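Observations on the three-dimensional arrangement
What follows is each chain in one-letter form.
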Amino acid sequence: MHSVQDEMIALTSGGVSITNLATAIAIAMAASAGPTDGQTSGTVPPQHDLVVSVTGIESVAGELRIAVFDSAEEFVDEPLAFAVIPVEITTAEWSVRLPAGRYAVAVIHDEDANGELNTNFLGMPRERYGFSNQARGTFGAPSFEDASFELDALTGPRVVEVR
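What you are looking at is a predicted structure, and each value in this text was computed from that prediction instead of being measured.

Right, let's talk about the side chain of Arg128 for a bit. By the secondary structure assignment, Arg128 is in the loop between β7 (101–110) and β8 (129–131). Owing to a relative accessible area of 18%, Arg128 belongs among the buried residues under this scheme. A polar contact of 2.8 Å, which involves the side chain of Arg128, links it to the backbone oxygen of Gly56. For Arg128, the side chain forms a polar contact with the main-chain oxygen of Val162, separated by 3.0 Å. Ignoring sequence-local partners within four residues, the contact set of Arg128 consists of Gly56, Glu58, Ile108, His109, Leu117, Val162 and Arg163.

Structural data, given as structure tokens:
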């Protein structure tokens, strides 16, 4: 398992750009500090391992950028969890503990490790990418509904093929 980096992924209709969002880390740290807004501490919801298995890696170069989203409103803009993993073999696995819920995963194989999805003159990706449920969008990312799945105690590894 790899640690979460202080970079976040943002997918746009013209491709993918990576932005540095230290704010997301501050939010995550604040959330782990305990309840706010007058909430009282109660039972912690059970945590489950979300295991992401990445296939379709054609070259052992660069890095994988994996992002997990938990709502349609934040899909492709504000990941709940994020990791950058060096590509050392043609498959990869990453896991994160999350409460039961609905999630979607996006993966980019950033072959040149430049922090962005390279595109051609038409804006079509030149690097491989994929989403959970093997969802694909027509001109941009798929919908959260197409890429999302329920995470619970029975959820097995989620395979994301980059292509």
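Following the structure, the description resumes.
Before going further, it helps to spend a moment on the nonpolar core. Note on soluble globular proteins: their nonpolar side chains tend to be buried together. Membership of the largest hydrophobic core comes to 22 residues, with the highest contact counts inside it found for Leu50, Val52, Val54, Trp94, Val105 and Val107. At the level of elements, β3 (47–55), β4 (63–69), β5 (81–86), β6 (92–99), β7 and β9 (149–151) are the ones that each hand at least two residues to this core. When residues in this core are grouped by element, the largest group, four residues, is from β6. Beyond its immediate stretch of four places on either side in the chain, Leu50 contacts Val68, Trp94, Ser95, Val96, Leu98, Val105, Phe149, Leu151 and Arg158.

In this section: the confidence of the model for the protein. The predicted model of the protein has a mean per-residue pLDDT of 81, with 75% of residues at 70 or higher. Note that pLDDT drops below 50 for residues 1–40; the model gives that stretch 60 contacts with residues more than four away or on any other chain.

Rules used throughout
- Residues numbered from 1 in each chain as written.
- Predicted model: local features only at pLDDT ≥ 70, side-chain atom pairs only at ≥ 80, totals over all residues.
- Heavy atoms only, no water.
- Helix = DSSP H or I, 4+ residues; strand = E, 2+ residues; numbered from the N terminus.
- Buried < 20%, exposed > 50% of the residue type's maximum accessible area, 1.4 Å probe, protein only.
- Polar contact = N/O pair within 3.5 Å; in protein donor to acceptor, adjacent residues only side chain to side chain.
- Contact = heavy atoms within 4.5 Å.
- Core = buried A, V, L, I, M, F, W, Y, C linked by side-chain atoms within 4.5 Å.
- pLDDT = per-residue confidence, 0-100.

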